[in-house]
Amino acid sequence: MPEQNGHASQPERRKRIVVAMTGATGAILGIKVLIALRRLNIETHLVMSKWAEATIKYETDYHPSNVRALADYVHNMSDMAAPISSGSFKADGMIVVPCSMKTLAAINSGYCDDLIARTADVMLKERRKLVLVARETPLSEIHLRNMLEVTRAGAIIFPPVPAYYIRAGSVNELVDQSVGRMLDLFDLDTADFARWEGWGDGK
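Residues numbered from 1 in each chain as written. Predicted model: local features only at pLDDT ≥ 70, side-chain atom pairs only at ≥ 80, totals over all residues. Heavy atoms only, no water.

A.B. asks: Tell me about the nonpolar core, and please be specific about residues and values.
C.D. replies: One finds Val19, Met21, Val33 and Ile95 to be the most contacted residues of the largest nonpolar core, which totals 29 residues. Those elements that provide at least two residues to this core are β3 (16-21), α1 (27-39), β4 (43-48), α2 (50-59), β6 (94-99), β7 (130-134) and α7 (171-184). The dominant element in this core, judged by the number of residues it contributes, is α1, at seven residues. (Core = buried A, V, L, I, M, F, W, Y, C linked by side-chain atoms within 4.5 Å. Buried < 20%, exposed > 50% of the residue type's maximum accessible area, 1.4 Å probe, protein only. Helix = DSSP H or I, 4+ residues; strand = E, 2+ residues; numbered from the N terminus.)

A.B. asks: For α2, give the residues involved together with the corresponding values.
C.D. replies: What α2 keeps buried is the set Ala52, Thr55 and Ile56. Within α2, the buried residues cover an arc of 105° as seen down the axis, which keeps them to one side. Exposed side chains of α2 directed beyond 90 degrees from the buried face belong to Lys50, Trp51, Lys57 and Tyr58. Of the surrounding elements, those touching the buried residues of α2 are β3, α1, β4 and α3 (64-68). (Arc of directions from axis to C-beta. Contact = heavy atoms within 4.5 Å.)

A.B. asks: Go over unusual backbone geometry, please, and point to the residues and values.
C.D. replies: The step from Val97 to Pro98 runs through a cis peptide bond, and the omega angle for that step is -5°. Within the secondary structure layout, Pro98 lies in strand β6. Residues Thr137 and Pro138 are joined by a peptide bond in cis, for which omega reads -10°. Relative to the helices and strands, Pro138 resides in the loop between β7 and α6 (141-153). With a phi angle near 60°, Arg127 is a residue other than glycine that sits in the positive phi range. In this structure, Arg127 sits in the loop between α5 (115-125) and β7. Here Arg127 falls in the exposed class, since its relative accessible area comes to 70%. Of note, the phi angle at Asp187 is positive, near 60°, even though the residue is not glycine.

A.B. asks: Please give an account of the packing of aromatic side chains that cites residues and values.
C.D. replies: Enumeration according to the criterion identifies two aromatic pairs in this entry. When the ring of Trp196 is compared with that of Trp199, the centres are 5.1 Å apart and the planes differ by 90°; the resulting orientation is edge-to-face. The structure contains a cluster of three or more aromatic residues connected by ring pairs, namely Tyr165, Trp196 and Trp199. (Phe/Tyr/Trp six-rings, centres within 6.5 Å; stacked < 30°, edge-to-face > 60°.)

Treat this as a map of the structure, not an account of what it does.
Written out as structure tokens, the structure reads:
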């Protein structure tokens with residue numbers, strides 16, 4: 001191993017992203033995020049709530065064990081001693097996908113009673129990227145206040161709003177576009193969706 005200034009140089013580590021899944025509807029978004037990150041060779045640390053597992057079974061053809069297999073590391077929701085719970089663990093960001101309003105409220109209040117809320121709290125205090133894929137409609141004033149406050153604290157709220165301009169032929173295409181835009185926020189390009197390039201022929 002070559003040396004620089006008398007010290008052995010360290011091999012460059014893979015980019016690390018924490019992926020958290022809550023019980024909000026839209027489990028396929030979290031699954032597709034994990035698949036995309038795996039393809040991009042990003043090290044993933046997954047945390048799933050018990051309600052996320054229930055939603056996965058209800059909404060998709062996946063079993064929670066299949067979803068866990070997509071991640072490099074899986075952490076128990078109640079394991080507050082997991083590496084990702086510490087600011088000394090070098091993560092490049094976190095995405096909560098989908099993000100329930102309960103989890104949003106916990107993050108906003110700093111109520112770190114589980115590993116998802118604690119890890120999100122770490123991202124904010126360490127000034128690292130935190131993306132919350134909020135799944136709820138319509139939104140109450142409480143929801144909006146929580147979104148505003150976490151945005152002021154440094155998080156990014158990403159509602160998975162469909163892009164109708166891509167003229168998707170399936171729900172899967174809409175999901176891929178949303179996932180691609182989510183990962184754009186981490187400077188990662190899935191190359192799985194068409195980007196807006198103007199009106200073209202003007203039609």
